[in-house]
Amino acid sequence: MTHAGAFASAACLTRFSEAVFADCGLAQAHCQIIAKDLVKANLRGVDSHGISRIPMYVDRLGRGLANAAPDIELVNLAGAVSQVDADNAMGFIPAHMAMDEACDLAKTAGIGLVGVHNSTHFGMAALYVLQAISRGYVSMVFTNSSPAMPMWGGRSTFLGASPMAAGFPAGQHAPFVMDMAMTVIARGKLRLAAGRGEPIAEGLALDADGNPTTDAAKAFEGVCLPFGGVKGSVLGTMVDMMAGLLTGANFGGAVKPLYHDHSAPQNVGHVFLAIKPDLFLSLTDYEARMDEYFERVKALPKAAGVNEILMPGEPEARREAERLKNGIPLTQSILEDLNQVARDRGLPLLVPDL
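Residues numbered from 1 in each chain as written. Predicted model: local features only at pLDDT ≥ 70, side-chain atom pairs only at ≥ 80, totals over all residues. Heavy atoms only, no water.

Bringing the pairing of strand β10 (residues 268–275) into the picture now. Counting buried residues along β10, 7 of its 8 residues qualify, which places the element largely inside the surrounding structure. Judged from the 7 bridges that link them, strand β4 (residues 111–119) and β10 form a sheet pairing that is antiparallel. If you follow Gly112 over to β10, its bridge partner there is Ala274. Sheet analysis places strand β5 (residues 138–143) next to β10, joined by 6 bridges and oriented antiparallel. Bridging across to β10, Met140 finds its partner in Leu273. (Buried < 20%, exposed > 50% of the residue type's maximum accessible area, 1.4 Å probe, protein only. Helix = DSSP H or I, 4+ residues; strand = E, 2+ residues; numbered from the N terminus. Pairing = 2+ DSSP bridges.)

Quick look at the structure:
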């Protein structure tokens, strides 16, 4: 049975996801974290980092490319700096641990820095700045990833999408939440477009021969282009050095791909930075200044055709509110992929409930 244009509640998708990862041998607490994180991505409209990735994660767990029962080690290195050895865990788990540690360090030192190595793909980077915001901290997150884009002037993949994220808690208004890759388009979105048979816009990617393409499948096998030309390439290099080179993780094209390469674990690196918002002024003053910033932005004159100027994070927050009310859309292909996982493992099928 297929459901074209089906919708499912967050609770329905969370239950299904938890059951799948539990069947893969993960601890219940880890299953809950990962399921919540994947569904959070869907709620915020970042479907490329949501439940559509479950078949890939399950495959990697089954091949031993991610550790279902990791022995994660957290060590304080120097005052406000700690390190996490993820033991090849699903990246969500050490990432949340690391951001918690960064916030704990910042509580006493004003700032906390935590590096992670021996990790794997950690999903949507905004998850961790939202975590810091919930604890009242300003934060930044860096991660490297498998090769997706070239160095400027090259035609072969070398740099990852090199996502970085940042968050600022606010007072009465919405917080600032930034989450962006250095590619013009995320590789996950190319994969989704390829699965749907949809073309992509010009200027986003090159095929495997270095030629511009609007074919999503060819683009997925080729390279994503950096946003802003050479500037995006340089920023991607910085993120790779920060998250990979500095932490002891793989770097410079050595992070293993999530798809098609089953030769070794990824050894992804992440960096988490948390900052007390009241280091330089009182918390009351900080929150008032954040609210004033928000109000100044909203009062700016709008360009032609623009109805509202939005702060970073506002579109995703609005999408989350809408999807919590009306459900998360599921394409037929994603539903079939998820239910194939369920059939393969003898689990109840995912039945959209809205």
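Our focus in this paragraph is the pattern of salt bridges. Taken as a whole, this structure holds 12 salt bridges when the rule is applied. For the salt bridge of Arg323 with Asp47, the shortest nitrogen-to-oxygen distance reads 2.9 Å. Of this pair, Arg323 sits in helix α10 (residues 314–326) while Asp47 sits in the loop between α2 (28–43) and α3 (54–62); the two residues are 276 residues apart in sequence, bridging distant segments of the chain. A residue is classified by how much of its surface remains accessible, and Arg323, at 7% relative accessible area, is buried. The partner of Asp100 in a salt bridge is Arg135, with the nearest N and O atoms 3.1 Å apart. Of this pair, Asp100 sits in helix α4 (residues 92–109) while Arg135 is found in the loop between α5 (126–134) and β5, placing the two residues 35 residues apart along the sequence. Three or more residues joined by partner-sharing salt bridges are found here, namely Lys298, Glu308, Glu314 and Arg318. (Salt bridge = Lys/Arg side-chain N within 4 Å of Asp/Glu carboxyl O.)

Phe21, Leu26, Met90, Tyr128 and Phe272 are the most contacted members of the largest nonpolar core, which has 77 residues in total. At 9 residues, α4 tops the list of elements feeding residues into this core. With near-sequence residues (within four places) excluded, Tyr128 lies in contact with Asp37, Gly91, Phe92, Ala95, His96, Met99, Phe122, Val141 and Phe272. Counting residues in hydrophobic clusters, the runner-up holds 9 residues, among them Met290, Phe294, Val297 and Met311. (Core = buried A, V, L, I, M, F, W, Y, C linked by side-chain atoms within 4.5 Å. Contact = heavy atoms within 4.5 Å.)

A full pass over the atoms with the stated rule returns 6 aromatic pairs. When the ring of Phe168 is compared with that of Phe176, the centres are 5.7 Å apart and the planes differ by 85 degrees; the resulting orientation is edge-to-face. When its relative accessible area of 32% is taken as the criterion, Phe168 is described as partly exposed. Among the aromatic side chains, those forming a connected cluster through ring pairs are Phe122, Tyr128 and Phe272. (Phe/Tyr/Trp six-rings, centres within 6.5 Å; stacked < 30°, edge-to-face > 60°.)

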